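In case you want the letters, here they are:
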Amino acid sequence: MRKLFSMICLSATLAAMAWAAADEAKFVAAMKKIGPTCSGLGKKIKAKDASGAADAKELQGLFKESDKFWKAKKADDAIAHSKTAGTEFAAIHKAINSGDWDAADAGFKKAVATCGGCHGAHREKNADGTFKIK
Ligand code: HEC
């Protein structure tokens, strides 16, 4: 009985660890997508290219992934940065669709302020130039 119980505990722990690793992989994949999509959107806003609306929408969705990840880690500052980014990318999406490029530009500045804010607190550079989460 005891043996069975500890086996159940062990498999629950392993499942939880695998779950956490899968979540982290999803988050890192989202960041890898966020980088180029965000710089592309910046260029499109400058060029008043309305196809940026779709990028803004995609970024909004990617930051939902970030929000979920940090909620599980209970890191309030990172949750706040993720939410601000999501809100601003949603606003940019709307602004582009209504042709308000000044609002899109202002929203973009607010959205990218979250990148540095969160990276400074939660991203660490490895010696090989890759990143890790802290
Ligand atoms: C809530 C926190 C948070 C916010 C907000 C955030 N990031 Fe990140 N980002 C991270 C963390 C943590 C990592 C390190 C993860 C890793 O790569 O292992 C990271 C990694 C990255 C990477 C490197 C991915 C790789 O491994 O190659 C890029 C590019 C990136 N972020 C772009 C952005 C951009 C652009 C924004 C703003 C639009 C942004 N991030 C906003 C937390 C955040």
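Residues numbered from 1 in each chain as written. Predicted model: local features only at pLDDT ≥ 70, side-chain atom pairs only at ≥ 80, totals over all residues. Heavy atoms only, no water.

### Regarding the layout of surface pockets
With a probe scaled to a water molecule rolled over the atoms, the places where space remains empty come into view.
Phase 1: Looking at the largest pocket, its volume works out to about 520 Å³.
Phase 2: Along the wall of the largest pocket there are 24 residues; nearest its centre are Phe-27, Met-31, His-119, Arg-123 and Phe-131.
Phase 3: Looking at the lining of the largest pocket, the elements that each hand over two or more residues are α1 (2-46), α2 (52-73), α3 (76-97), α4 (101-122) and β2 (131-133).
Phase 4: Ranked by residues supplied to the lining of the largest pocket, first place goes to α1 with eight residues.
Phase 5: Of the residues contributing to the lining of the largest pocket, the split by class is 12 nonpolar, eight polar and four charged. (1 Å grid on protein atoms, 1.4 Å probe; cavity = no way out; pocket = protein on both sides within 12 Å on 5 of 7 lines; lining within 4 Å. Points joined across faces, edges and corners; volume = space filled by probe spheres on them. Helix = DSSP H or I, 4+ residues; strand = E, 2+ residues; numbered from the N terminus. Nonpolar A, V, L, I, M, F, W, Y, C, P; charged D, E, K, R; others polar.)

### Topic: the site of the ligand
Phase 1: Not every one of the 22 residues close to the ligand is listed here, only the nearest: Met-31, Lys-32, Cys-115, Cys-118 and His-119.
Phase 2: One of the side-chain N or O atoms of Lys-32 is found 3.0 Å from an oxygen atom in the ligand.
Phase 3: Judged by the proximity of its atoms to the pocket grid, the ligand belongs to the largest pocket.
Phase 4: The biggest single contributor to the shell around the ligand is α1, with seven residues.
Phase 5: For the shell around the ligand, the residue count by class is 13 nonpolar, seven polar and two charged. (Near = heavy atom within 4 Å. Polar contact = N/O pair within 3.5 Å; in protein donor to acceptor, adjacent residues only side chain to side chain. Sits in = over half its atoms within 2 Å of the grid points.)

### Examining the coordination of the iron atom of the ligand
In an ideal octahedron of six donors the angles at the metal are 90 or 180 degrees, and in an ideal tetrahedron of four donors they are 109.5 degrees.
Phase 1: Taken together, the protein ligands of the iron atom of the ligand are Met-31 (SD) and His-119 (NE2), with distances of 2.0 to 2.3 Å.
Phase 2: Taken together, the six donor atoms coordinating the iron atom of the ligand and their angles of 86 to 178 degrees define a geometry best described as octahedral. In this pair, Met-31 is assigned in helix α1 and His-119 in helix α4, connecting sequence segments 88 residues apart.
Phase 3: Of the residues examined, Met-31 reaches a relative accessible area of 26% and is grouped as partly exposed.
Phase 4: For His-119, a relative accessible area of 25% translates into the label partly exposed. (Donors = N, O, S within 2.8 Å, 3.2 Å for Na, K, Ca; no water. Tetrahedral: all angles 85-135°; square planar, octahedral: opposite > 155°, others 65-115°. Buried < 20%, exposed > 50% of the residue type's maximum accessible area, 1.4 Å probe, protein only.)

### Here we look at α2
Phase 1: Here α2 spans 32 Å end to end across 22 residues, near enough to the 32 Å set by a 1.5 Å rise per residue.
Phase 2: Inspection of α2 places Gly-52, Ala-53, Asp-55, Ala-56, Leu-59, Leu-62, Phe-63, Ser-66, Asp-67, Phe-69 and Trp-70 among the buried residues, and these make up the whole buried set.
Phase 3: Of the surrounding secondary structure, the elements contacted by the buried residues of α2 are α1, α3, α4 and β2.
Phase 4: Looking at the residues trailing α2, positive phi occurs at Lys-74, about 55 degrees. (Expected span 1.5 Å × (residues − 1). Contact = heavy atoms within 4.5 Å.)

### Quick word on the pattern of salt bridges
Phase 1: Evaluation of the coordinates by the stated rule reveals six salt bridges.
Phase 2: Among the ionic pairs, Asp-55 bridges to Lys-44, the shortest N-O distance being 2.8 Å. Separated by 11 residues along the polypeptide, Asp-55 in helix α2 and Lys-44 in helix α1 bring together distant segments of the chain.
Phase 3: Of the residues examined, Asp-55 reaches a relative accessible area of 14% and is grouped as buried.
Phase 4: Among the charged side chains, a salt-bridge network with shared partners connects Asp-67, Lys-71 and Lys-83. (Salt bridge = Lys/Arg side-chain N within 4 Å of Asp/Glu carboxyl O.)

### Quick look at the packing of aromatic side chains
Phase 1: Across all of its chains, the model carries four aromatic pairs by this definition.
Phase 2: Between Phe-69 and Trp-70, the ring centres sit 5.0 Å apart and the planes meet at 80 degrees, which makes this aromatic pair edge-to-face.
Phase 3: Through pairs of rings, three or more aromatic residues link up here, namely Phe-27, Phe-69 and Trp-70.
Phase 4: We note Arg-123 situated over the ring of Phe-131; from NZ or CZ to the ring centre the distance is 3.8 Å. (Phe/Tyr/Trp six-rings, centres within 6.5 Å; stacked < 30°, edge-to-face > 60°. Lys NZ or Arg CZ within 6 Å of the ring centre and 35° of its normal.)

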